[in-house]
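Residues per chain, in single letters:
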Amino acid sequence: MSKKTKGIILIICSAFFFALMNMFVRLSGDLPSIQKSFFRNFVALFFALAVLLKNRTDLSPVKGNVKFLLIRSVFGTIGILANFYAIDHMILTDASMLNKLSPFFAVIFSAIFLMERVRPWQLIAVIGAFIGSLFIIKPSLEIEQVFPYIIGFIGGMGAGAAYTAVRHLGSRGVPGGVIVFVFSAFSCLFCLPFALASYVPMSLAQIILLLFAGLSATGGQFCITYAYTYAPAREISVYDYTQIIFSAVLGYFVLSQTPDLYSFLGYVIICSMGILNFLFNKKHSNQAVTQK
């Protein structure tokens, strides 16, 4: 099996795990989003620590990495909290699709944090994805109706900033386990006081569902991290959109949810922009290699 094939399989597995995570979060019922986030990250923290101890990984901070570990942790926490809120107040596929705006926000944040140039096709893809998101959000004057969609949009923005930092840290040789551990530890410490202040007693079933959500999230995080060690993003990132398919199937059969026509149109536009960006990035990369 080639490295690219391994990368594709891992990123599809990651998409499936994250779709499962969203489903378990929704099934866990009427609990504060920050309480759900704490349990999700606590499980990931435990597994990341086990991996680091097994591999005897050095956790000493390297100059230049701390800033991006902090960016990954802060924006990743914002992304998770917003995504979990959206999952609880929207249909599963809409929430997942708004979270998949992250690659387009990554283009913007790469220009801000890494001073990378935004190419014309990337700008077109970002604008197209924003238009697609409007079909899902369906802006109206009823703030209570549109508020969860705005939060879901912010969740995609937070994830985009976090993945920009992850990509930079990976290019500097920071192990995936370290990135997951630092993020999970930061998120747990941030969420803990708020989770305690607003704590809602949970049934055994809710605890089990949140543990499954944490296990799914951990599987997703490690799969996507190792996927990019086998193949670059330009070759496999487009397969991450399979999460929308998984979310649609789980939402329909498990939660009895069906997106409306406008949402479907938004999915098509955003996925099309993602494929467009993927194809142009791959073409540009191949041209750069040929010129060398």
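Please read all numbers here as calculations on a predicted model, not as lab measurements. (Residues numbered from 1 in each chain as written. Predicted model: local features only at pLDDT ≥ 70, side-chain atom pairs only at ≥ 80, totals over all residues. Heavy atoms only, no water.)

### Quick word on the overall build of the protein chain
Working step 1: Of regular secondary structure, the protein chain possesses 12 helices and 0 strands.
Working step 2: Along the protein chain, from the amino end to the carboxyl end, the secondary structure elements read α-α-α-α-α-α-α-α-α-α-α-α.
Working step 3: In terms of C-alpha radius of gyration, the protein chain reaches 18 Å, essentially the compact-globule figure of 19 Å for 292 residues.
Working step 4: By the burial criterion, 50% of the 292 residues in the protein chain qualify as buried.
Working step 5: Once local pairs closer than 6 in sequence are excluded, the contacts in the protein chain between residues at least 24 apart make up 90%.
Working step 6: Here the protein chain has roughly 14400 Å² of accessible surface; of this, 71% comes from carbon and sulfur atoms. (Helix = DSSP H or I, 4+ residues; strand = E, 2+ residues; numbered from the N terminus. Rg over C-alpha atoms; globule rule 2.2 N^0.38 Å. Buried < 20%, exposed > 50% of the residue type's maximum accessible area, 1.4 Å probe, protein only. Contact = heavy atoms within 4.5 Å. Areas by Shrake-Rupley, 256 points an atom, 1.4 Å probe, with all protein chains shown as cover.)

### What to know about the environment of Gln243
Working step 1: With respect to the helices and strands, Gln243 occurs in helix 11 (residues 242-253).
Working step 2: The spacing of Gln243 and Ile11 is 232 residues in sequence and 9.7 Å in space, taken between C-alpha atoms.
Working step 3: Among residues more than four places away in sequence, those in contact with Gln243 are Ala15, Phe18, Ala19, Asn22, Ser96 and Lys100.

### What to know about the layout of surface pockets
Working step 1: Taken as a whole, the second largest pocket encloses approximately 230 Å³ of empty space.
Working step 2: Contributing to the lining of the second largest pocket are 13 residues, with Leu59, Ser60, Pro61, Val62 and Val178 lying nearest its centre.
Working step 3: At the level of secondary structure, the elements contributing two or more residues to the lining of the second largest pocket comprise helix 3 (65-89) and helix 8 (176-197). (1 Å grid on protein atoms, 1.4 Å probe; cavity = no way out; pocket = protein on both sides within 12 Å on 5 of 7 lines; lining within 4 Å. Points joined across faces, edges and corners; volume = space filled by probe spheres on them.)

### Digging into the pattern of salt bridges
Working step 1: Tallying each qualifying case throughout the model produces 4 salt bridges.
Working step 2: With a shortest N-O distance of 2.8 Å, Asp240 and Lys100 are connected by a salt bridge. With a gap of 140 residues between them, Asp240 in the loop between helix 10 (233-236) and helix 11 and Lys100 in the loop between helix 4 (92-99) and helix 5 (102-113) connect regions that are remote in the sequence.
Working step 3: For Asp240, a relative accessible area of 12% translates into the label buried.
Working step 4: One salt bridge in this structure joins Glu116 and Arg167, with 3.1 Å as the shortest N-O distance. You can see Glu116 sitting in the loop between helix 5 and helix 6 (120-137) and its partner Arg167 sitting in helix 7 (residues 143-171), a full 51 residues away along the chain.
Working step 5: Note on Glu116: relative accessible area 38%, which makes it partly exposed.
Working step 6: Of the residues examined, Arg167 reaches a relative accessible area of 41% and is grouped as partly exposed. (Salt bridge = Lys/Arg side-chain N within 4 Å of Asp/Glu carboxyl O.)

### Points about helix 2 (residues 33-55)
Because each turn of an α-helix spans 3.6 residues, side chains separated by three or four positions end up pointing in the same direction.
Working step 1: With 23 residues, helix 2 should cover 33 Å at 1.5 Å per step; its first-to-last C-alpha distance of 33 Å lies within 8% of that length.
Working step 2: Looking at the residues trailing helix 2, positive phi occurs at Arg56, about 50°. (Expected span 1.5 Å × (residues − 1).)

### A short note on the nonpolar core
Working step 1: With 41 residues, the main nonpolar core has Met21, Met97, Leu98, Leu101, Phe104, Ile136 and Ile270 as its most contacted residues.
Working step 2: Here this core gets 7 residues from one element, more than from any other, and that element is helix 1 (residues 3-27).
Working step 3: In this view, Phe104 contacts Ala125, Val126, Ala129, Tyr241, Ile270, Met273 and Gly274; residues no more than four positions away in its chain are not counted.
Working step 4: With 22 residues, the next largest nonpolar core counts Leu45, Val174, Ile179 and Cys188 among its residues. (Core = buried A, V, L, I, M, F, W, Y, C linked by side-chain atoms within 4.5 Å.)

### Some remarks on helix 11
Working step 1: For helix 11, built from 12 residues, the straight-helix expectation of 16 Å at 1.5 Å per residue is met to within 8% by its first-to-last C-alpha distance of 17 Å.
Working step 2: Each element contacted by the buried residues of helix 11 is listed here: helix 1 and helix 4.

### Overview of the environment of Tyr262
Working step 1: Of note, Tyr262 is situated in helix 12 (residues 261-291).
Working step 2: Judged by its relative accessible area of 52%, Tyr262 falls in the exposed class.
Working step 3: Distance from Tyr262 to Lys138, taken between C-alpha atoms, is 7.9 Å for residues 124 residues apart in sequence.

### Here's the deal with the packing of aromatic side chains
Aromatic ring pairs are reported here in terms of the distance separating the ring centres and the angle at which the planes meet.
Working step 1: Tallying each qualifying case throughout the model produces 16 aromatic pairs.
Working step 2: Taking 5.3 Å as the distance between ring centres and 75° as the angle between the ring planes, the aromatic pair formed by Phe16 and Phe246 counts as edge-to-face. With a gap of 230 residues between them, Phe16 in helix 1 and Phe246 in helix 11 connect regions that are remote in the sequence.
Working step 3: Assessed through its relative accessible area of 34%, Phe16 is described here as partly exposed.
Working step 4: Its relative accessible area of 22% is what places Phe246 among the partly exposed residues.
Working step 5: Where Tyr252 meets Phe253, the ring centres are 5.1 Å apart and the plane angle is 90°; that geometry is what we call edge-to-face.
Working step 6: Just above the ring of Phe183 sits the side chain of Arg72; from NZ or CZ to the centre is 4.0 Å. (Phe/Tyr/Trp six-rings, centres within 6.5 Å; stacked < 30°, edge-to-face > 60°. Lys NZ or Arg CZ within 6 Å of the ring centre and 35° of its normal.)

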